[in-house]
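Here are the chains, one letter per residue:
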Amino acid sequence: MEVELMQIENLAQAKEAIASVGASPVSVNIMAPKAVFRVIKVAGVSATAANILKQEMLSKGGDAAVHAGVVNCRQSKSDVILMGTVKQYRQVIKSLHIQPVGLPKLAEKLKKLLNEG
């Protein structure tokens, strides 16, 4: 038995790797978004938006790093580091479309960024 650390940068690589073990074509398409991890920085987000982003990412199994002062709104703005799989981002993007404080616009930017990456 051998162990290998894999670096999967995009969905095409994920599909290739998953298919290489003999997974069914349907499974390849289901699992590929789970195999691609992305870290995205969003600059200058309001405390409200940062808190919503953190909650949405956590609820989908990802995470978000925000300034410690946004939890009680002592910090009015924060950069946010989002961390998650493509699948988690897809779920978060759906949720952001119904949120306030400019998050639908951010959802579109994230969608475009992930489709290009």
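What counts as what
- Residues numbered from 1 in each chain as written.
- Predicted model: local features only at pLDDT ≥ 70, side-chain atom pairs only at ≥ 80, totals over all residues.
- Heavy atoms only, no water.
- Helix = DSSP H or I, 4+ residues; strand = E, 2+ residues; numbered from the N terminus.
- Buried < 20%, exposed > 50% of the residue type's maximum accessible area, 1.4 Å probe, protein only.
- Contact = heavy atoms within 4.5 Å.
- Areas by Shrake-Rupley, 256 points an atom, 1.4 Å probe, with all protein chains shown as cover.
- Lys, Arg positive; Asp, Glu negative; His and termini not counted.
- Charge placed at Lys NZ, Arg CZ, Asp CG, Glu CD.
- Expected span 1.5 Å × (residues − 1).

Help me out: how do you make sense of the overall build of the chain in this one?
Along its length, the chain carries 5 helices and 3 strands. Reading the secondary structure of the chain in the N-to-C direction produces α-α-β-α-β-β-α-α. Viewed in the frame of its principal axes, the chain has a C-alpha envelope of about 50 × 30 × 20 Å. Burial statistics for the chain: of 117 residues in total, 35% are counted as buried. Pairs at least 24 residues apart make up 59% of the contacts formed inside the chain by residues separated by at least 6 positions. Summed over its atoms, the accessible surface of the chain is roughly 7400 Å², and 56% of this surface lies on carbon and sulfur atoms. Distance from the positive charge centre (15 side chains) to the negative charge centre (9 side chains) of the chain: 11 Å.

Is there a simple way to explain helix H3 (residues 47–59) in this structure?
Because the α-helix completes a turn every 3.6 residues, residues three or four places apart line up on one side. Helix length check: H3 (13 residues) gives 18 Å between terminal C-alpha atoms against 18 Å at 1.5 Å per residue, within 8%. Taken from the residues just after H3, Gly61 is the one with a positive phi, measuring 95°.

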